[in-house]
Amino acid sequence: MRYTLRQLEVFVATAQHENISRAASALAMSQSAASGSLREFEQQFDVQLFDRVGKRLRLSELGRQLRPAAEELLARAGALEQALSGEEVSGRLQVGATLTIGNYLAVPMIAAFRARYPAADVALSVANTAAIADRVAHYALDIGLVEGELSHPDLSCEPWQMDELTVFAAPGHPLARKQALSDDDLLGLDWIVREPGSGTRQTFDRAMHGILPALRIVLELQHTEAIKRAVEAGLGVGCLSRISLVEAFARGSLVPLRVPGRDFTRRLHIVLHRQKFHTAALRQWLALCHEQAQ
């Protein structure tokens, strides 16, 4: 065979980081060794896998075509090594989650997973739906757990479990004791909501169809806790996942507002790259996800 697994590792790491120095650091190699490995790989087959753009290395068309096969081959080699060592479910799993899932669902899942498979490790990255999808598409994450819906040619988006947003306010808000809010009530409120690109904002915008352009959105924040603090301070009302509000409702620092005329339900999704090889660790994480959904 005219190439080595190490050459494939350098190729994939360089594709991920678009920089040979960072790729070398990720592989615990010297920069000169990584550069030499990549150069030898290209020369062996007389191909150019990257276009040099300043200090960045962008995949050439051939590089883009080869990357999924290289990713899969490395994953299969890793799975074989794990099987030979007698620890099938081991290694690091890169999980991405949107803010609500990452803060309120993923951490208990990681604890359960590590209890079952002590040889495995889970790294959690938290970002909004768009960012998680992009990282799964570029193989930086093995799997994404997202609140939003998406359509991407390289990704599968599998329905996971149901969730519901809740409109809420500080206990002293003028509408806190009202039985139900009408559209006129909604239009008269100051809103503090998540930023565009987040799954929560996507669901909020859909629920407010017909009146969305007329809503008075005074703050757009990237963090759930920041929105809760702003609402507690009386700056407006918010709309977040009910699971992120359970403790605040229990202690009375925030109160739910009923909006019976609007649908705030949504389904959480599992995002995977269509061409990614499923290691034993990834298969077991998916099994845990399905357990959680029951």
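The rules behind these values
- Residues numbered from 1 in each chain as written.
- Predicted model: local features only at pLDDT ≥ 70, side-chain atom pairs only at ≥ 80, totals over all residues.
- Heavy atoms only, no water.
- Salt bridge = Lys/Arg side-chain N within 4 Å of Asp/Glu carboxyl O.
- Helix = DSSP H or I, 4+ residues; strand = E, 2+ residues; numbered from the N terminus.
- Buried < 20%, exposed > 50% of the residue type's maximum accessible area, 1.4 Å probe, protein only.
- Core = buried A, V, L, I, M, F, W, Y, C linked by side-chain atoms within 4.5 Å.
- Axes fitted to C-alpha atoms, helices over the stretch in contact; angles between N-to-C directions.
- Parallel < 35°, antiparallel > 145°, perpendicular 65-115°, else oblique.
- Contact = heavy atoms within 4.5 Å.
- Nonpolar A, V, L, I, M, F, W, Y, C, P; charged D, E, K, R; others polar.
- Polar contact = N/O pair within 3.5 Å; in protein donor to acceptor, adjacent residues only side chain to side chain.
- Disulfide = S-S within 2.5 Å.
- Arc of directions from axis to C-beta.
- Phe/Tyr/Trp six-rings, centres within 6.5 Å; stacked < 30°, edge-to-face > 60°.

*Asks:* Which parts of the structure should I look at to understand the pattern of salt bridges?
*Replies:* Oppositely charged side chains can pair when the atoms bearing their charge come close. One pass over the structure, following the stated rule, counts 22 salt bridges. Measuring nitrogen to oxygen at the nearest pair gives 3.4 Å for the salt bridge that ties Glu-42 to Arg-52. A residue pair is termed long-range when its members are at least 10 positions apart, and Glu-42 in helix 3 (residues 31-45) and Arg-52 in strand 1 (residues 50-53) qualify at 10 residues. Arg-229 is the salt-bridge partner of Glu-232, the closest N and O atoms lying 2.8 Å from each other. With Glu-232 and Arg-229 both in helix 9 (residues 224-232), this residue pair falls three residues apart, about one helical turn. Residue class for Arg-229 comes out partly exposed when judged on its relative accessible area of 35%.

*Asks:* Quick question: what am I supposed to make of the nonpolar core here?
*Replies:* In summary, soluble globular proteins display a tendency toward joint burial of nonpolar side chains. By size, the foremost hydrophobic cluster in this structure holds 25 residues, and its most contacted members are Phe-113, Ile-143, Leu-145, Trp-160, Ile-270 and Trp-285. When residues of this core are traced back to their parent elements, those giving at least two are strand 3 (91-97), helix 5 (99-116), strand 4 (120-126), strand 5 (143-146), strand 11 (265-273) and helix 11 (280-293). Among the elements that take part in this core, helix 11 stands out by supplying seven residues, more than any other. Counting 19 residues, the second-largest nonpolar core is a separate cluster that includes Leu-186, Phe-204, Met-208 and Cys-239.

*Asks:* What am I meant to see in the packing of helix 5 against helix 9 here?
*Replies:* Helix packing for two helices is described by the angle between their axes and how far apart those axes are. At their nearest, the axes of helix 5 and helix 9 sit 9 Å apart, and the two run at 95 degrees to each other. As far as their axial angle goes, helix 9 and helix 5 are roughly perpendicular. Across the interface between the two elements, Leu-99, Thr-100 and Tyr-104 of helix 5 pack against Thr-224, Glu-225 and Lys-228 of helix 9. Here the contact of helix 5 with helix 9 is composed, by residue class, of two nonpolar, two polar and two charged.

*Asks:* It is not clear to me how the side chain of Lys-276 should be interpreted in this structure. Could you clarify?
*Replies:* Here Lys-276 shows up in the loop between strand 11 and helix 11. Assessed through its relative accessible area of 16%, Lys-276 is described here as buried. At a separation of 3.1 Å, a polar atom in the side chain of Lys-276 contacts the side chain of Asp-142. Setting aside residues up to four positions removed in sequence, Lys-276 forms contacts with Glu-71 and Asp-142.

*Asks:* I keep staring at the state of the cysteines and nothing clicks. Help me out?
*Replies:* A covalent bond between the sulfur atoms of two cysteines is referred to as a disulfide. Under the criterion given, the structure shown has zero disulfides. This cysteine, Cys-157, is not joined by any disulfide, and Cys-289 carries the nearest cysteine sulfur, 13 Å off.

*Asks:* Would you explain helix 9 in this entry?
*Replies:* Because an α-helix packs 3.6 residues into every turn, residues spaced three or four apart end up facing the same way. Thr-224, Ile-227, Lys-228, Ala-230 and Val-231 are the residues of helix 9 that are buried. Buried residues of helix 9, seen end-on, are gathered within an arc of 165 degrees and therefore sit on one face of the element. Looking at the buried positions of helix 9, the neighbouring elements they touch are helix 5, strand 6 (155-169), strand 7 (190-194), strand 8 (216-221), strand 9 (237-241) and helix 10 (246-251). Looking at the residues trailing helix 9, positive phi occurs at Gly-234, about 85 degrees.

*Asks:* I keep staring at unusual backbone geometry and nothing clicks. Help me out?
*Replies:* Excluding glycine, residues mostly carry a negative phi; peptide bonds, for their part, are mostly trans. A positive phi angle is found at Ala-28, which is not glycine, with a value near 55 degrees. By secondary structure assignment, the location of Ala-28 is in the loop between helix 2 (20-26) and helix 3. A relative accessible area of 74% places Ala-28 in the exposed class. One non-glycine residue, Tyr-139, lies in the positive phi region at around 65 degrees. By secondary structure assignment, the location of Tyr-139 is in the loop between helix 6 (129-137) and strand 5. A residue is classified by how much of its surface remains accessible, and Tyr-139, at 8% relative accessible area, is buried.

*Asks:* What is the right way to look at the packing of aromatic side chains in this model?
*Replies:* Centre-to-centre distance and the angle between the planes together describe a pair of aromatic rings. For the structure shown, the criterion picks out seven aromatic pairs. Residues Phe-113 and Trp-285 carry aromatic rings whose centres are separated by 5.4 Å and whose planes lie at 70 degrees to one another, so their mutual orientation is edge-to-face. Linking Phe-113 in helix 5 with Trp-285 in helix 11, this pair joins segments that are 172 residues apart in sequence.

*Asks:* Hey, could you run me through the side chain of Thr-129 in this one?
*Replies:* Along the chain, Thr-129 turns up in helix 6. Among the polar contacts made by the side chain of Thr-129, one reaches the main-chain amide nitrogen of Gly-199 at a distance of 3.4 Å. When residues no more than four places from it in sequence are discounted, the contact partners of Thr-129 are Thr-98, Val-146, Glu-147, Gly-148, Leu-150, Gly-197, Ser-198 and Gly-199.

Keep in mind that these numbers describe shape and distance, not what the molecule does.
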